[in-house]
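Listed below, chain by chain, are the residues.
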Amino acid sequence: SQLDTVIVSVGFEDELINDLSSYPNPVVDKLQIVNSGSLSSEMEVSLFSLQGKLLVEEFFREPRLEIPMDTYPAGIYLLHIQKGSSGVWRKVVKK
């Protein structure tokens, strides 16, 4: 079985999942995180290696966040997007 999205949350997880997208996947140089909803509070975006190392931590309120991926080796990464007590995990493949 392949891990695509895991939800660990208590609250607005449905709204968070529906309003957030990340692309392209697989990614080559820049990962885009897009908030298409009306979520006005700050969100935390974290990118981890499969070994659990925190690579990127960004806080944003904007509709779009760009994460440079060109310096990371090809492989699988875990993206965590947190808003308040709700969070979403997504698998990101780097080519």
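Below or above, wherever it landed, is the structure these notes cover. (Residues numbered from 1 in each chain as written. Predicted model: local features only at pLDDT ≥ 70, side-chain atom pairs only at ≥ 80, totals over all residues. Heavy atoms only, no water.)

Side note on the overall build of the protein chain
A count of helices and strands for the protein chain gives 1 helix and 8 strands. Mapped from its N terminus to its C terminus, the protein chain presents α and β elements in the order β-α-β-β-β-β-β-β-β. About 5500 Å² of surface is accessible on the protein chain, with carbon and sulfur atoms providing 52% of the total. (Helix = DSSP H or I, 4+ residues; strand = E, 2+ residues; numbered from the N terminus. Areas by Shrake-Rupley, 256 points an atom, 1.4 Å probe, with all protein chains shown as cover.)

Comments concerning the nonpolar core
Leu 31, Ile 33, Val 45, Ile 67, Met 69 and Leu 79 are the most contacted members of the largest nonpolar core, which totals 17 residues. Elements represented by at least two residues in this core include exactly strand 3 (30-35), strand 4 (43-49), strand 5 (54-60), strand 6 (64-68) and strand 7 (75-83). Once residues lying within four places of it in the same chain are set aside, the contact partners of Leu 79 are Ser 22, Leu 31, Ile 33, Val 45, Ser 46, Leu 47, Ile 67, Val 88, Trp 89, Arg 90 and Val 92. (Core = buried A, V, L, I, M, F, W, Y, C linked by side-chain atoms within 4.5 Å. Buried < 20%, exposed > 50% of the residue type's maximum accessible area, 1.4 Å probe, protein only. Contact = heavy atoms within 4.5 Å.)

Some details on the pattern of salt bridges
A complete count under the given rule lists 1 salt bridge for this structure. For Lys 30, the salt bridge is made with Glu 66, and the minimal N-O distance between the two is 4.0 Å. Of this pair, Lys 30 sits in strand 3 while Glu 66 sits in strand 6, and the two are 36 residues apart along the sequence. Judged by its relative accessible area of 41%, Glu 66 is partly exposed. (Salt bridge = Lys/Arg side-chain N within 4 Å of Asp/Glu carboxyl O.)

Quick notes on the pairing of strand 6
Residues Leu 65 and Ile 67 of strand 6 are buried on one face, while the alternating residues Arg 64, Glu 66 and Pro 68, pointing to the opposite face, are not. Relative to strand 6, strand 3 is paired through 5 bridges, and the arrangement is antiparallel. Paired with Gln 32 across the strands is Glu 66, a residue of strand 6. (Pairing = 2+ DSSP bridges.)

Section: the packing of aromatic side chains
Two aromatic rings are characterised by how far apart their centres lie and by the angle between their planes. Enumeration according to the criterion identifies 2 aromatic pairs in this entry. Plain terms: the ring middles of Tyr 72 and Tyr 77 are 5.9 Å apart, the flat faces sit at 50° to each other, and that makes the pair tilted. (Phe/Tyr/Trp six-rings, centres within 6.5 Å; stacked < 30°, edge-to-face > 60°.)

Structural notes on the sheet that holds strand 6
With antiparallel pairing, 3 strands are arranged side by side in an open sheet as 2-3-6. Among the strands making up the open sheet, the edge pair consists of strand 2 (20-23) and strand 6. Mean inter-strand twist for the sheet, computed between neighbouring axes without regard to direction, equals 15°. (Axes fitted to C-alpha atoms, helices over the stretch in contact; angles between N-to-C directions.)

This is a description of form; function is not addressed.
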